[in-house]
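Tertiary structure, described
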Amino acid sequence: MAEVVLSGVTKRFKTVAAVESLDLTVHDGEFIVLLGPTGAGKTTTLRLVGGLERPDEGSITIGGHDVTHAAPAARDVAFVFQQYSLYPHLSAYDNLAFPLRSPARRVPEDEIRKRVGEIAEMLRISAKLQNRATQLSGGEMQRVAIGRALVRRPSIYLMDEPLSSLDAKLRSDLRLELKRIQQDLGATILYVTHDQTEAMTMAVRIGVIESGRMIQLGTPREIYTAPASVYVATRLGQPAINLLPVGLLPDGGAPTGGKTVGARTENLRIAKAANGSANATVDWIEHLGDQNHLHVTVGDHKLVTLADPESDLAKGDRVSLSLVDPLYFDASGKRIAASGKARIPQGNG
Amino acid sequence: MTDSSAKAGVAERVAGATPAPLARRIRGLSDKAIAWLFIAPTILLLLAINIFPLLWTIYLSFTNYKANRKAEIRWEGTEHYTDILSDPEIWHSMQVTAHFVFWTVAIETVIGFALAYLIDRRWRGHGFWTTVILIPMMLSPAVVGNFWKFLYQPQIGLFNYGVSFFTGIDPSSFQMIGDVSLAPWSIVIVDVWMWTPYVMLICLAGLRSIPDYIYEAAEVDRASTWRRFWSITLPMALPFIMLAVLFRGIENFKMFDLINLLTSGGPGSTTEVASITLKREAFESWKTGYSSALAIILFVAVFGLANIYVKALNRVKQR
């Protein structure tokens, strides 16, 4: 395992910049998740580290060695692709053994057998080792693909949405499994996803990417409680953060320059109210089983929050809404600290 | 008159205008009967031009029938079959055919796959060169046969000139078509020239079907170019290569036009493949019964070999 440093990396495809002067340091043994919507440049960043793309500007070092223009094979990285990139004519066992059988590595055959056995055990595919890749189910194929990366001990594991093609149950199983494996092995992982749950649960640090630029890099908690901008704030939270003009709801004093208020469920206080003190109306309630989404209209703004499952609120009820420690953003969308109480830690993005 | 009764009037008139007997007749038929009605013309046509001639050929192969002579048809049993299978000339033409099929298919597969592999690198201008390479395949065999005859001319032919240019041999010292030892190769060269593009096209389809990310995964896994070729490219393109071999094999087993134009089976009988022998017996010697038997033997041979091969192909595909 080793430290990976990207500095000022830019990659253009024709005239479009997929990644623009990106700086990122992945510390030894760290699990960093790059979060962003489709087309933000996450995958390109990963491919640049893996050597599948070469940067137009900037440099990349792995363990202190400059690998900016090195071939993938010379970088000592392992890559898990979004698609099941298995060798279809080989068995699951041979797929897992493939990277170890590289002539450059010269791993003895009984060592290979031991390593493949361990990884198969870890990923619970031991029973399927003799099956051909094409005879495996989707979840098994992706586990073999992840296993093929894990049999090696590279400087860094690069994972491009490895769980996105799996069903919800398997996804949450493998999410825990990956996190556990990472801690057991002390592995350095750079992981790309657009799934906020994966980012929140697995990452040591999250990097939020927008249009090829790193907008904010910090611990999941920092990203959640102190987003640098409206864009970052909308990446996290379920239901999504509500953005309202300052002054629409009582909030105990907005800082100067604050134009937009960001309110998540935990920032909203809701109470049934008589017509006189009410400022909002319940539109409808979405029952999701474990939680209820409450859709509320304030003036001409609509917002969504969680309702207590035991709450007796019903459609058409008049309620009073108020804000508790919400997030404030200025006219350009940057977050500004709430006036008075500096309870929220600053992000180091 | 109310609105609804006016509508009913229209409906009655529409129903009256429909030719009732036809409607009733079609309605009276079952779905199966209607299906048969639709496919019957095709089946009749197939029976008339495919199945009947086949059965008739089988019948004729047991008789002494001659198509150019009006005589009583006499049943001769399996006499033609035993004659053919013990005739050294037939076995010779089978050998010539095997030589032709083996070498054309082998060379076309190797060169065709190599070309496809190069084209698949997607270098600048590969689209243009693909089209250029495909030209021979688009020509008529009659044209190809005739101009290769010119190319093979010892005095004025470009082929002999080219060979002498590169080796220094006197161009008029050898004849591709006239020489007993060179003639079998002359037909192989022309067939390879004409049909390698076809094999290339099928192999290219196979290579294009391999997704890039498998190569990328292998690259990250430190597989050498050589190892990527042997463990990804070749196994994944193999079903396509086998398909090309099947098509070319069947096609060349019954090759007639090119060889007939180039050498007509000569010199002597050195390039007399089975189809040329068949044509000689049927339309020069007019031994219709005998040649029918030969045709049946060839048919069974191709059919049997192709079947075994297709089974193997399916096994490879299922892996």
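Residues numbered from 1 in each chain as written. Chains lettered and ligands numbered in written order. Predicted model: local features only at pLDDT ≥ 70, side-chain atom pairs only at ≥ 80, totals over all residues.

For clarity, the threshold we go by: UniProt positions are given in the numbering used here, feature names are shortened, and annotations may be inferred rather than shown by experiment.
Per an unreviewed UniProt entry, the recorded name for chain B is Carbohydrate ABC transporter membrane protein 1, CUT1 family (TC 3.A.1.1.-), and the organism is Bauldia litoralis. One UniProt comment on chain B, placed under Subcellular location (unreviewed entry), says "Cell membrane". Here chain B is described in UniProt, under the heading Sequence similarities (unreviewed entry), as follows: "Belongs to the binding-protein-dependent transport system permease family."

Under an unreviewed UniProt entry, the name given to chain A is Multiple sugar transport system ATP-binding protein, and the organism recorded is Bauldia litoralis. UniProt's Sequence similarities (unreviewed entry) comment on chain A is quoted here verbatim: "Belongs to the ABC transporter superfamily." The UniProt entry for chain A carries the following text under Subcellular location (unreviewed entry): "Cell inner membrane".

1. With respect to the overall build of chain B
The condition is simple: Secondary structure elements are defined from DSSP: runs of H or I of at least 4 residues count as helices, runs of E of at least 2 residues count as strands, and each element is numbered from the N terminus. Computation of the radius of gyration draws on C-alpha atoms alone. For the globule rule, the value is 2.2 Å times the number of residues to the power 0.38. Each residue is classified by how many other C-beta atoms fall within 10 Å of its C-beta atom, where C-beta atoms are placed from the backbone; a count of 20 or more means buried, 12 or fewer means exposed, and values in between mean partly exposed.
In terms of regular secondary structure, chain B is built from 14 helices and zero strands. Helices and strands appear in chain B in the N-to-C order α-α-α-α-α-α-α-α-α-α-α-α-α-α. For 319 residues, the compact-globule formula gives about 20 Å, and the C-alpha radius of gyration of chain B, at 29 Å, lies well above that figure. Principal-axis analysis of the C-alpha atoms gives chain B an extent of 105 × 75 × 40 Å. Residue burial in chain B is summarised as follows: out of 319 residues, 27% are buried.

2. Some thoughts on the interface of chain A and chain B
For clarity, the cut-off: Whether two residues are in contact is decided by their C-beta atoms, placed from the backbone, lying within 7 Å. Residues are sorted three ways: Asp, Glu, Lys and Arg are charged, Ala, Val, Leu, Ile, Met, Phe, Trp, Tyr, Cys and Pro are nonpolar, and all the rest, Gly among them, are polar.
With 19 residues of chain A at the contact, the number on the chain B side is 15 residues. Broken down by element, the residue count for the side of chain A that touches chain B peaks at three residues, all from strand 6 (residues 77–80) of chain A. The residue makeup of the side of chain A that touches chain B, split by class, is 13 nonpolar, five polar and one charged.

3. Considerations on the domain arrangement of chain A
Residues and elements named next belong to chain A. How we decide: An automatic or database domain assignment supplies the start and end points of every domain.
Each assigned domain of chain A is listed with its residue range as follows: domain 1 (4–230) and domain 2 (241–336). Taken together, the contact pairs four residues of domain 1 with eight residues of domain 2. Looking at the side of domain 1 that touches domain 2 residue by residue, the classes come out as three nonpolar, one polar and no charged.

4. Looking at the confidence of the model for chain A
For clarity, the cut-off: Values of pLDDT, ranging from 0 to 100, describe the predictor's confidence in every residue of the model.
Within chain A, residue pLDDT values average 86, and 95% of them lie at 70 or more. For residues 341–349 of chain A, every residue scores under 50 in pLDDT, and the model assigns this stretch 19 contacts once sequence neighbours within four places are set aside.

5. As for the environment of Q130 of chain A
Of note, Q130 of chain A is situated in the loop between helix 3 (109–123) and helix 4 (138–150). What Q130 of chain A contacts, discounting residues up to four positions off in sequence, is S91 and Y93 of chain A.

6. Describing the UniProt feature "transmembrane region" (unreviewed entry) in chain B
Residue and element names in this part refer to chain B. Per the UniProt record, "transmembrane region" (unreviewed entry) is found at residues 34–59, 100–119, 126–148, 182–207, 228–250 and 290–310. Note that residues 228–250 is 100% helix and 0% strand, and that its end C-alpha atoms are spaced 32 Å apart. The distance from the first to the last C-alpha atom of residues 290–310 is 30 Å, and the span holds 100% helix and 0% strand.

7. Points about the environment of A217 of chain B
Among the structural elements, A217 of chain B can be located in helix 10 (residues 212–220). Look past the residues within four positions of A217 of chain B in its chain and what remains in contact with it is F79, F81 and S85 of chain A.

8. Overview of the UniProt feature "domain: ABC transmembrane type-1" (unreviewed entry) in chain B
Feature annotation in UniProt assigns "domain: ABC transmembrane type-1" (unreviewed entry) to the following positions: residues 94–309 of chain B. This span, residues 94–309 of chain B, is 75% helix and 0% strand, and a straight line between its end C-alpha atoms measures 19 Å.

9. Considering the pairing of strand 3 (residues 31–35) of chain A
Residue and element names in this part refer to chain A. Here is the rule: At least two DSSP bridges between two strands are needed for those strands to be called paired.
Taking burial as the measure, the five residues of strand 3 include five buried ones, the bulk of the element. Residues F31, V33 and L35 of strand 3 are buried on one face, and the alternating residues I32 and L34, pointing to the opposite face, are buried as well. One ladder, built from five bridges, connects strand 3 with strand 8 (residues 189–193); its direction is parallel. Within strand 8, the residue paired with L35 across the bridge is T193. As paired elements, strand 3 and strand 9 (residues 205–210) share four bridges and run parallel to each other.

10. Brief notes about helix 14 (residues 288–318) of chain B
Residue and element names in this part refer to chain B. Test applied: Working rule for helices: expected span equals 1.5 Å times residues minus one.
Helix length check: helix 14, at 31 residues, gives a terminal C-alpha distance of 44 Å against a target of 45 Å (1.5 Å per residue), a fit within 8%. All of the buried residues along helix 14 are T288, G289, Y290, S291, S292, A293, L294 and A295. If you follow the buried residues of helix 14, they end up packed against helix 3 (31–60), helix 4 (79–85) and helix 13 (274–283).

11. What about helix 5 (residues 168–185) of chain A?
All names here are of chain A. Rules: It is the directions from the helix axis to the C-beta atoms that the arc portrays.
The end-to-end C-alpha separation of helix 5 is 25 Å, in line with the 26 Å expected for 18 residues at 1.5 Å each. Among all positions in helix 5, only L174, L178 and Q182 are buried. The buried residues of helix 5 occupy an angular sector of 75° when projected down its axis, which confines them to one face. More than 90 degrees from the buried face of helix 5, the exposed residues found are K169, L176, R180, Q183 and D184. Turning to helix 5, the residues buried within the fold contact strand 3, strand 8 and helix 6 (196–202). Looking one or two residues beyond helix 5, the residue adopting positive phi is G186, at roughly 65°.

12. Thoughts on the pairing of strand 14 (residues 280–287) of chain A
Residues and elements named next belong to chain A. Direction of pairing for strand 14 relative to strand 17 (residues 318–323): antiparallel, over a ladder of two bridges. Across the sheet, residue T281 finds its bridge partner in strand 17, namely R318. In terms of strand pairing, strand 14 meets strand 15 (residues 292–298) through six bridges, oriented antiparallel. Opposite W284, over in strand 15, you have H295 as the bridge partner. With antiparallel pairing between neighbouring strands as the criterion, strand 14 and strand 15 make up a hairpin whose turn holds four residues, including G289 at a positive phi of roughly 95°.

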